[in-house]
Amino acid sequence: MVKVSVIIPCYNLGEFIDEAVDSVFESTFRDFEIIIVNDGSTDELTNEKLNNYNKPHVKVITTKNQGVCAARNTAIANSTGIYILPLDADDRIADTYIEKAVRILDIQNNIGIVYPEVEFFGENGAWDIEEFTMKKMLLTNLIVVSGMYRKEDYIKTAGYDINLKEGFEDWDFWLSMLELGGKVYRIPEKLFYYRLRDVSRNSSIDPVKLNVLRRKIIKKHIDLYLQYLPDSISLLEQVQGLNAYKKSFIDIKNSLDYKIGRILLIPFRKIKSIFVR
């Protein structure tokens, strides 16, 4: 058993994998293992590299292509760490990140997720992540993919949702973790290095599919939305200008699965919703 399991899904990202792995090896915290899941890569470079990957503390698992969620779940199922640190194959972490995150989780049992601020590299761009609040988190994901958490908490969830193959899987998983009642701690340092590339799933999703995905998130975590956003429709429209949320909540109202009592829609621009369970 080790303290930290770093899980790295990899699909056709062999050109970057060494940077990700080496950033872990450079860590000031040494009690770790790295589990790479080759998620059915079709790229010759990636397969050749991972088929012959012989580095200490690294385990490579090869599977058919199932998507990043299934790859993470597979890695965690084969992990021995107390804490889990997801790391995408094209990103990096700072050398002190694991040490600082472990220290927080070791001392503060009420903390469920620890994550750092972000520094970008690669293509031009910026990601100004707001300070965490539950209400803001219900509107958009505020926690980077490489947040650290306890494996025992992961086991209490359904894991990463393999049905979310088009995006929002990180947001969905963090909401599942937050449903357990743990607190969130953001380390006020840029200890996670996020590679900006021209192609990303979330940026390429068309608006219609985007709203379908958002509706899935709302329905799946409806109890959180009802608890923290009792005036959810008007708040979501006000903050993000997403009129489609009105339809999302009507869909939820009609859902037999969630059996939400009623949603009263008052005229646009002054919408108020009353949820009765």
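Residues numbered from 1 in each chain as written. Predicted model: local features only at pLDDT ≥ 70, side-chain atom pairs only at ≥ 80, totals over all residues. Heavy atoms only, no water.

Digging into the environment of glycine 182
Reasoning step 1: Position of glycine 182 among the secondary structure elements: in the loop between helix H7 (169–178) and strand E8 (183–196).
Reasoning step 2: Through-space distance from the C-alpha of glycine 182 to that of asparagine 110 is 5.6 Å; in sequence the pair is 72 residues apart.
Reasoning step 3: Beyond its immediate sequence surroundings of up to four residues, glycine 182 is in contact with Asn110 and Gly112. (Helix = DSSP H or I, 4+ residues; strand = E, 2+ residues; numbered from the N terminus. Contact = heavy atoms within 4.5 Å.)

Concerning the pairing of strand E1 (residues 4–10)
Reasoning step 1: Taken across its seven residues, E1 has seven buried, putting it largely inside the fold.
Reasoning step 2: Relative to strand E2 (residues 32–39), E1 runs parallel, the two being bridged by seven bridges. Bridge pairing in E2 links cysteine 10 to asparagine 38.
Reasoning step 3: Here four bridges tie E1 to strand E4 (residues 83–86), and the two strands are oriented parallel to one another. Residue valine 4 lies in a different strand from E4, and its bridge partner there is tyrosine 83. (Buried < 20%, exposed > 50% of the residue type's maximum accessible area, 1.4 Å probe, protein only. Pairing = 2+ DSSP bridges.)

Structural notes on the pattern of salt bridges
Reasoning step 1: A complete count under the given rule lists 16 salt bridges for this structure.
Reasoning step 2: A salt bridge links arginine 72 to aspartate 170; the nearest nitrogen and oxygen atoms lie 2.6 Å apart. In this pair, arginine 72 sits in helix H3 (residues 68–77) while aspartate 170 sits in helix H7, placing the two residues 98 residues apart along the sequence. The burial state of arginine 72 is the same as that of aspartate 170; both residues are buried.
Reasoning step 3: Note that aspartate 161 and lysine 220 form a salt bridge whose closest N and O atoms lie 2.9 Å from each other. Here aspartate 161, found in the loop between helix H6 (151–156) and H7, pairs with lysine 220, found in helix H9 (residues 207–220); they are 59 residues apart in sequence, far enough to count as distant.
Reasoning step 4: The exposure class of aspartate 161 is buried, given its relative accessible area of 17%.
Reasoning step 5: Looking at lysine 220, the relative accessible area reads 32%, which means it is partly exposed.
Reasoning step 6: Shared partners join several salt bridges into a network, and the residues in it are Asp18, Asp22, Lys49 and Lys55. (Salt bridge = Lys/Arg side-chain N within 4 Å of Asp/Glu carboxyl O.)

Quick word on the environment of tyrosine 228
Reasoning step 1: Note that tyrosine 228 resides in helix H10 (residues 222–228).
Reasoning step 2: When its relative accessible area of 29% is taken as the criterion, tyrosine 228 is described as partly exposed.
Reasoning step 3: The sequence separation of tyrosine 228 and leucine 138 amounts to 90 residues, and the corresponding C-alpha distance is 8.4 Å.
Reasoning step 4: Not counting residues within four places of it along the chain, the set of residues in contact with tyrosine 228 comprises Met134, Lys135 and Leu138.

Things to note about unusual backbone geometry
Reasoning step 1: Positive phi, normally seen in glycine, also occurs at histidine 57, with a value near 65°.
Reasoning step 2: The residue histidine 57 is located in the loop between helix H2 (44–51) and strand E3 (58–63) in this model.

Observations regarding the nonpolar core
Reasoning step 1: Counting residues in each nonpolar core, the largest one holds 80 residues, and the members touching the most others are Val4, Ile34, Ile36, Ile98 and Met148.
Reasoning step 2: If sequence neighbours within four positions are ignored, methionine 148 has contacts with Val4, Tyr83, Ile84, Leu85, Tyr97, Ile98, Ala101, Val102, Leu105, Gly112, Ile113 and Val114. (Core = buried A, V, L, I, M, F, W, Y, C linked by side-chain atoms within 4.5 Å.)

Some words on the side chain of aspartate 88
Reasoning step 1: Position of aspartate 88 relative to the elements: it lies in the loop between E4 and strand E5 (92–93).
Reasoning step 2: A distance of 3.2 Å separates a polar atom in the side chain of aspartate 88 from a polar atom in the side chain of arginine 72.
Reasoning step 3: With residues up to four places along the chain from it excluded, the contact list for aspartate 88 reads Ile8, Pro9, Ala20, Arg72 and Val145. (Polar contact = N/O pair within 3.5 Å; in protein donor to acceptor, adjacent residues only side chain to side chain.)

With respect to H7
Reasoning step 1: Taking burial as the measure, the 10 residues of H7 include 10 buried ones, the bulk of the element.
Reasoning step 2: Of the positions making up H7, those classed as buried are Glu169, Asp170, Trp171, Asp172, Phe173, Trp174, Leu175, Ser176, Met177 and Leu178.

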